[in-house]
Amino acid sequence: MFKKIFVLALCGLMLVACNTSQVELLSFIDPDSDKLDYDGEVIQAFNTEDNIFAYKDDNTPQSEALWKRIADIEEKLNVEFEIVYDGENIIDLYTAQVAAGSLKTDLIYRSNGNNLWSLGKAGILLPITDFPQYIDLSDTDKYGMPGNLEAAMHNGIPYAVQPVQWPGLQGVECFVIAYNPDKFASNNLTGLHEYYENKTWTWDTMKNVFDTAAPSLGENDVLLEAHGGFLLNTLFISNGFDFVTFVDGEPTFDLTPQEALMAIDYLKDLYTYGEKIEIGTDTDDRWDYTTFIAGNALTVLTTTQAVTTEDIAYEANFAYNIMPFPCGPNVDYGRWAQSVTRIYGLAVTIGAEEPEVVAHVISELCEPFEEFGGSIDGLKEYYRNSVFTTDIDVEIYFAIDDYVRFDYDDVGMINEYTNVIAQNINKASAIELIQKNKNVAEQMYINYLEGNLKGYLIEHMNIE
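None of these values were measured; they are calculated from a predicted model.

> Please set out the packing of helix H8 (residues 203-213) against helix H10 (residues 258-271) residue by residue, giving values where relevant.
As a packed pair, H8 and H10 sit with axes 12 Å apart at the nearest point and diverge in direction by 5°. Classified by the angle between their axes, H8 and H10 sit roughly parallel to one another. Here Trp203, Met206, Lys207 and Phe210 of H8 come into contact with H10, specifically with Met262, Ala263, Tyr266, Asp269 and Leu270. Looking at the contact of H8 with H10 residue by residue, the class counts come to seven nonpolar, no polar and two charged.

Printed below as a string of structure tokens:
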């Protein structure tokens, strides 16, 4: 029987050095067996207060399905879950516990990639690649795409997986364009889904839509609502910009390839719509969709979370549709990347007495819920009946992370780099804006992106 424990801890930051080498396999583990006996092994799982992993613990169908999954795993594997609710500052908490030799946590769930890669960097998490017999990262339908894992990766080592077959976690926190089909119809505009079906959804197409719509737009209406930093970063990613050029297959830091200059110039073009476009660059604008929710925006740059389980899903009183962010001119249509801003991850800590058992538990946790169709197809049916209004929305939602890339917002990419450029977009040329912010970008590349590119991403996804 699982237990719940409530913990309050305030701990000072302490430096530690930890051995994260792979431990030997347990002789009694057989991952192909239907029922195993782990002799009552206690799995202490740290979790955000008031939640059970990805869901509010408030008797929703999702939380009830997850509690049932936990009970089923306890019976199948003869383990016992001990759910510990942690505070917000888990980096300090875990670091202090490791230094004191008191870390007892086996499994951690976080929806903050910064926490996960920081814990991995500090040696508090075990590389998820230590457990290939239980967690096969090539099974991207179960554990997430390389770009999802990138959000919990340090020096090319992934430290967490995302249970992407859980409801709400497909393409979670990927940026999409949501649009108001009624407003498109009232302005005699072609609905954006037609461009998706015709495979013509590009930067130029979106600009043409805005050019057509602008003259007849209502006085209080805007073409697009977006945050400037996220918008520029999404333009970078959708045009294939990785802060590098490849020389003989090796990435070399480069801030000024065509992909980047074109993205900045495109953002400059969007600003020419003046009051007919709403691009905020303040901190309060990051997740502000109030203009779209009020019915006064044709489109909005938002996240999959907002259109399925958060702001827009609950507050918009009209039916809306979604689109991927359009394809940039420098990449192949159909294979352009979308931007994701975080991971909802499960990880193994060095506090685990039997880390292979924990990895096996994570594998079991990541299976699809029977209550939501028991498969990707079943989950798609649930979304068609309960969340979206068209089959195209469902198709887009489940394909949005096929070529997803992490936006490195957690480590300052938005606030310290792309949003700074957006704030000064009309004060200098594209090349001048890049050069003025070169030092920040170079440190971002050296500290975070370079190791992930060379250590994992180039090998596991086609980003050249």
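> Please provide a residue-by-residue account of the sheet that holds strand S9 (residues 175-179), values included.
An order of S13-S10-S14-S9-S15 is seen for the five strands of this open sheet, with the pairing classed as mixed. Of all the strands in the sheet, the pair left with one neighbour each is strand S13 (278-280) and strand S15 (321-324). Mean inter-strand twist for the sheet, computed between neighbouring axes without regard to direction, equals 25°. Judged from the three bridges that link them, strand S10 (residues 222-227) and strand S14 (residues 297-303) form a sheet pairing that is parallel. Directly across from valine 222, in S14, lies its bridge partner alanine 297.

> Give me the lowdown on the nonpolar core, citing residues and values where you can.
In this structure, Phe53, Leu107, Trp166, Leu231, Leu270, Ile312 and Leu365 are the most contacted members of the largest nonpolar core, which totals 156 residues. The contacts of leucine 107, once residues within four sequence positions are left out, are Ile43, Gln44, Ala45, Phe46, Phe53, Leu346, Ala347, Thr349, Val358, Val361, Ile362 and Leu365.

> Break down helix H15 (residues 376-386) for me, citing the residues and quoting the values.
Those residues of H15 that sit buried are Gly378, Leu379 and Tyr383. The buried residues of H15 occupy one face: seen down the axis, they fall within an arc of 140°. Summarising the geometry of H15, the exposed residues directed more than 90 degrees from the buried face are Asp377, Glu381 and Asn385.

> Any details on unusual backbone geometry? Residues and values, ideally.
Phi angles above zero are rare outside glycine, and aspartate 39 is one such case at about 60°. Secondary-structure assignment places aspartate 39 in the loop between strand S1 (3-6) and strand S2 (41-48). For aspartate 39, a relative accessible area of 69% translates into the label exposed. The backbone phi angle of tyrosine 408 is positive, close to 60°, even though this residue is not glycine. Along the polypeptide, tyrosine 408 turns up in the loop between strand S18 (405-406) and helix H17 (413-423). Given a relative accessible area of 6%, tyrosine 408 falls into the buried group.

Parameters at a glance
- Residues numbered from 1 in each chain as written.
- Predicted model: local features only at pLDDT ≥ 70, side-chain atom pairs only at ≥ 80, totals over all residues.
- Heavy atoms only, no water.
- Axes fitted to C-alpha atoms, helices over the stretch in contact; angles between N-to-C directions.
- Helix = DSSP H or I, 4+ residues; strand = E, 2+ residues; numbered from the N terminus.
- Parallel < 35°, antiparallel > 145°, perpendicular 65-115°, else oblique.
- Contact = heavy atoms within 4.5 Å.
- Nonpolar A, V, L, I, M, F, W, Y, C, P; charged D, E, K, R; others polar.
- Pairing = 2+ DSSP bridges.
- Core = buried A, V, L, I, M, F, W, Y, C linked by side-chain atoms within 4.5 Å.
- Buried < 20%, exposed > 50% of the residue type's maximum accessible area, 1.4 Å probe, protein only.
- Arc of directions from axis to C-beta.

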